[in-house]
Amino acid sequence: MAIWIEEDAKVLVQGITGKQGHFHAGKMVEYGTNIVGGCTPGKGGQTVELEGKEFPVWDSMTEAITVTDADATVIYVPPPFAAEVIMEAAEAFDSVKGEGVVICITEGIPTLDMVKAVAYVNNRPGVRLIGPNCPGIITPGEKGGAKIGIMPGHIHAKGRIGIVSKSGTLTYEAVAQTMSIDEGQSTCIGIGGDPVNGTGFIECLAAFENDPQTAAIVMIGEIGGNAEQEAAAFAAENVSKPIVGFVAGATAPPGKRMGHAGAIISGGKGTAEEKFEAFKQAGIACANDPSEIGSVLLQALKDAGLR
Amino acid sequence: MNIHEYQGKAMLREFGVPVLEGQHCTSVEQALAAYDNLNSKVVAVKSQIHAGGRGKGTLYHPQTREEVMQGGVKIAFSRDEVETYSTNILGNVLVTIQTGDEGKVVKNLYVESGCDIAHEYYLALLVDRDNKSVLIMASTEGGMDIEHVAEHTPEKIHKVIIDVNAGLLGFQKRDLCLALGLSGMSLRSFGKSLTAMYEMFVSQDCAMVEINPLVKSKSDEIIALDAKISFDENAEFRHKNWDQLRDLSEEEDVEIRAKETGLSYVKLDGNIGCLVNGAGLAMATMDVIKLYGGEPANFLDVGGGADEEQVKTAFSMIMEDPNVKGILVNIFGGIMRCDIIARGVIAATEALSLEVPLVVRLAGTNVEQGKKILAASDLNIHPANDLAEGAQKIVSLIGGDE
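> Please clarify how the overall build of chain B should be interpreted in this entry.
When you go through chain B residue by residue, the secondary structure sums to 13 helices and 20 strands. Across its three principal directions, the C-alpha atoms of chain B cover 80 × 55 × 40 Å. Considering chain B as a whole, with its 402 residues, one finds that 54% of them fall into the buried category. Sequence-distant contacts in chain B: of pairs separated by 6 or more residues, those separated by 24 or more amount to 69%. Just so you have it, chain B exposes about 17300 Å², and 49% of that area is on carbon and sulfur atoms. Each charge class in chain B was averaged separately, 37 positive and 59 negative side chains, and the resulting centres sit 4 Å apart.

Right under this line is the structure:
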């Protein structure tokens, strides 16, 4: 099973002829992702070589989805154009097949552009947006799998731990921690560090709860906003599977943007302390340090009779 | 990105929001000339810094740190008072609840006409993360700290969530006016200002517009008496005018240079420098240093694709801080390869003749090659296998947390 993205999902790449898009498309093919082509307006009809194979390029997403019956698209388009590209993908999936997953990797999209794009996507209920400013989503397979984004594929293995995180490299850290106790991953999702994004923690928790492959969840948050607190309240009521949590930014000074646009403590709200407290209240097992995620997860699995 | 009150008011005026007459000054002479020009019996003499709480702040002499005056915003009733206040403000350090103990040197002043106030309101426009939309927040409790109002009398804060595709609608403005008890002429004046502010917020890519207080004058006019405006830095590419609005003296020099080279750096007060890839991991690295009794000197994210040169730049930025007694490098290689980072670390250590202890933790892509490269060098680099071990090592190498 896994969530949202199956191992053999058919994937398009928007911005496949750009430097970033081309590089990462190659890495995805190398991992085993079922890339079916790409979209770059003005370059339709051309092909792109990835790992020694040729892949078609289309001018429009509607055309690309109609021909390939793609399940998902991943966006590597510069910030000034990214929001519109998200909307194009959402409309194309909605009109051609009524569903699809749009993954946006781009960092630095203006917040008000994202406000519009998220409202647009939400008007098309079959379409899911992941990101922006995120590493993407990966469902490791027995051999290969679906790596959709910029994460290093080789650190993953198929398994039963679901991972959801706001941060890229901390997700990799969590993956390595699961591997250190001989556990693989069902699906890993980076939801991104921007203040306005698509899929949030709660939707991920709900999907993992319903996914038979997932036995336990690792959730990694960071300072800013209150998505973690809401997720904790949701988990307390709706998630029966063990959850391990960590929040980055306990030492961040208030009012300073810590790299991610969303990682800022404003008006004394959104601190790591507040979020850890909400996790504990909800019965989430907390790691004080990312290097502890493995041991805390192992204990949580044992407590649940899963090891 | 923040701007000064005087710049914010110029922008509000441009969009049609009523503000009082005022002049931006950088000297006592200019302040006196402003007083003469404004022809107002009462004027406000206002310190311009990028921090709130100015009115309740205290001014100190920059060298002796002797107290000069209470209050960074003063009401002057005469030319002499304008002279006294502007002399006491300009060039001195203003410490407010938001500046930290260091405070900020005041280089800019705003001299503004007075007005007869009937009531003070609070008004803010911001991007609301929960609703993923623009939010207007207003209260009858103007002039007060809004966090205080939110905590003690939350029923006095009224919110309007805007559907960006529909824009700010007439009924939303009317509802807000009714909630604030506005009627007649002030209702129309408020509605007009609200439309103008929303237009400004969207077209200028604001992150936050806070008017505290927004006042109703005795002649029933709505006037913005303060203006705290910040912009969404992601939208910089479509606002060429921001270069002129930016006050670089309000930002840390090294943070500006970091941004120019594609690094993200925030200076902190500790003594352990950090070099990390990824914002989340960089924050977690600081947290873990603290967990093991150390204090981080900075937040530094070199991003996902740093090369040898950027690693070198990052090291030199860390070493500019005289408090740094040791450095922890924490890299989880994804796209970034550990062997490249290892070479960068060695090149930087040699080029900068680094003398402080250095702990390097590498994981991810090409980690074995990276570790070999570090081990083969005769430099004094301490390897670590995970973040906890790295933090413990650097804390003990610099002699604990004293």
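> What is the right way to look at the overall build of chain A in this model?
When its secondary structure is counted, chain A shows nine helices and 14 strands. Relative to its length of 307 residues, chain A is compact, with a C-alpha radius of gyration of 19 Å against a globular reference of 19 Å. Across its three principal directions, the C-alpha atoms of chain A cover 55 × 45 × 30 Å. When the 307 residues of chain A are sorted by exposure, 62% land in the buried category.

> Mind showing me how you'd approach a negative patch on the surface here?
Taken together, the side chains of A:Glu30, A:Glu49, A:Glu51 and A:Glu54 make up a negatively charged region of the molecular surface. Of note, A:Glu30 is situated in helix α1 (residues 19–31).

> Can you help me understand the environment of B:Lys104 in this one?
Residues and elements named next belong to chain B. Note on placement: Lys104 falls in strand β7 (residues 104–105). Spatially, the C-alpha atoms of Lys104 and Ile49 are 7.1 Å apart, while their sequence positions differ by 55 residues. Look past the residues within four positions of Lys104 in its chain and what remains in contact with it is Ile49, His50, Asn92, Val93, Leu94, Thr99 and Glu250.

> What exactly am I supposed to notice about unusual backbone geometry here?
Working note: non-glycine residues mostly have negative phi, and peptide bonds are mostly trans. Backbone torsion omega between A:Gly131 and A:Pro132 reads 10 degrees, so that peptide bond is classified as cis. For the bond running from B:Asn212 to B:Pro213, omega is 10 degrees, close enough to zero to count as cis. Mapped onto the fold, B:Pro213 is located in strand β12 (residues 206–217). Positive phi, close to 50 degrees, is recorded for A:Glu51, a residue that is not glycine. One non-glycine residue with positive phi stands out, namely A:Asp69, at about 55 degrees. Along the chain, A:Asp69 turns up in the loop between α2 (61–68) and β5 (72–75).

> Got a minute to help me understand the nonpolar core in this structure?
In globular proteins that are soluble, nonpolar side chains generally tend to be buried together. In terms of nonpolar packing, the biggest core is built from 101 residues, with A:Val74, A:Ile103, A:Val218, A:Met219 and A:Met258 touching the most fellow members. Among the elements that line this core, the one with the most residues is helix α9 (residues 279–291) of chain B, at eight residues. The next biggest cluster of nonpolar side chains, apart from the first, holds 70 residues, and it includes B:Ile136, B:Leu176, B:Phe231 and B:Trp242.

> Sorry if this is basic, but what is going on with the packing of aromatic side chains here?
The relation between two aromatic rings is expressed through the spacing of the ring centres and the mutual angle of the planes. All names here are of chain A. Scanning all chains against the criterion turns up three aromatic pairs over all chains. With a centroid separation of 6.0 Å and an interplanar angle of 75 degrees, the aromatic rings of Phe246 and Phe276 are classed as edge-to-face. Of this pair, Phe246 sits in strand β13 (residues 243–248) while Phe276 sits in helix α8 (residues 272–281), placing them 30 residues apart in sequence. The ring of Tyr120 has Arg124 sitting right over it, with the charged end atom 3.6 Å from the ring centre.

> Would you mind going over the packing of helix α3 (residues 79–96) of chain A against helix α4 (residues 111–122) of chain A with me for this structure?
Two packed helices can be described by the angle between their axes and the distance between those axes. Residues and elements named next belong to chain A. One way to put it is that α3 packs onto α4 with a least axis distance of 9 Å and a crossing angle of 5 degrees. Between α3 and α4, the angle falls in the class roughly parallel. Side by side, α3 and α4 meet where Ala83, Ile86, Met87, Ala90 and Glu91 of the first sit next to Asp113, Met114, Lys116, Ala117, Tyr120 and Val121 of the second. In terms of residue class, the contact of α3 with α4 is made up of eight nonpolar, no polar and three charged.

> Is there a simple way to explain the side chain of B:Lys74 in this structure?
Residue and element names in this part refer to chain B. As for its placement among the helices and strands, Lys74 is situated in strand β5 (residues 73–76). For the buried residue Lys74, which engages in no salt bridge, the nearest side chain bearing the opposite charge is Glu67, 9.0 Å off. A polar atom in the side chain of Lys74 sits 2.8 Å from the backbone oxygen of Gln70. Apart from the residues lying within four places of it in its own chain, the contact partners of Lys74 are Val43, Ala44, Val45, Met69 and Tyr85.

> What should I look at first to understand the sheet that holds β13(A) in this one?
Within a sheet, neighbouring strands are paired by backbone hydrogen bonds and run either parallel or antiparallel to one another. Residues and elements named next belong to chain A. Pairing in this open sheet of seven strands is mixed, and the strands run β9-β8-β11-β10-β12-β13-β14 from one edge to the other. With one partner strand each, in any of the chains shown, β9 (145–149) and β14 (285–286) form the two edges of the open sheet. By the bridge criterion, five bridges tie strand β8 (residues 136–140) to β9 in an arrangement that is antiparallel. Residue pairing across strands places Thr139 opposite Ala146, the latter belonging to β9. Here α1 sits on the sheet in contact with β8 and β9, set at roughly 165 degrees to β9.

> What's the story with the packing of helix α11 (residues 338–351) of chain B against helix α12 (residues 367–376) of chain B in this structure? I'm lost.
All names here are of chain B. Where α11 meets α12, the closest approach of the two axes is 7 Å, and the angle between their N-to-C directions is 20 degrees. In terms of orientation, α11 and α12 fall into the roughly parallel class. For α11 against α12, the interelement crossing comes out right-handed. Residue-level inspection shows Cys338, Asp339, Ala342, Arg343, Val345 and Ile346 of α11 in contact with α12, the latter providing Val367, Gln369, Gly370, Ile373 and Leu374.

> Got a minute to help me understand the interface of chain A and chain B in this structure?
For interface size, the figure often reported is the accessible area lost on association. Taken together, the contacts link 55 residues of chain A with 48 residues of chain B. Buried area between chain A and chain B, both sides added, is near 3900 Å², and the carbon and sulfur share of it is 63%. The partner of B:Arg361 in a salt bridge is A:Glu173, and the shortest N-O contact between them spans 2.7 Å. Of all the secondary structure elements, the ones that give two or more residues to the side of chain A that touches chain B are α1, α4, α5 (168–180) and β13 of chain A. Partitioning the side of chain A that touches chain B into residue classes produces 27 nonpolar, 19 polar and nine charged.

About the thresholds
Residues numbered from 1 in each chain as written. Chains lettered and ligands numbered in written order. Predicted model: local features only at pLDDT ≥ 70, side-chain atom pairs only at ≥ 80, totals over all residues. Heavy atoms only, no water. Helix = DSSP H or I, 4+ residues; strand = E, 2+ residues; numbered from the N terminus. Buried < 20%, exposed > 50% of the residue type's maximum accessible area, 1.4 Å probe, protein only. Contact = heavy atoms within 4.5 Å. Areas by Shrake-Rupley, 256 points an atom, 1.4 Å probe, with all protein chains shown as cover. Lys, Arg positive; Asp, Glu negative; His and termini not counted. Charge placed at Lys NZ, Arg CZ, Asp CG, Glu CD. Rg over C-alpha atoms; globule rule 2.2 N^0.38 Å. Patch = residues over 30% accessible without salt bridge, like charges linked within 9 Å, V, L, I, M, F, W, Y side chains within 5 Å. Salt bridge = Lys/Arg side-chain N within 4 Å of Asp/Glu carboxyl O. Core = buried A, V, L, I, M, F, W, Y, C linked by side-chain atoms within 4.5 Å. Phe/Tyr/Trp six-rings, centres within 6.5 Å; stacked < 30°, edge-to-face > 60°. Lys NZ or Arg CZ within 6 Å of the ring centre and 35° of its normal. Axes fitted to C-alpha atoms, helices over the stretch in contact; angles between N-to-C directions. Parallel < 35°, antiparallel > 145°, perpendicular 65-115°, else oblique. Nonpolar A, V, L, I, M, F, W, Y, C, P; charged D, E, K, R; others polar. Polar contact = N/O pair within 3.5 Å; in protein donor to acceptor, adjacent residues only side chain to side chain. Pairing = 2+ DSSP bridges. Left-handed = near helix turned anticlockwise from the far one by under 90°. Buried area = accessible area lost by both parts, 1.4 Å probe.

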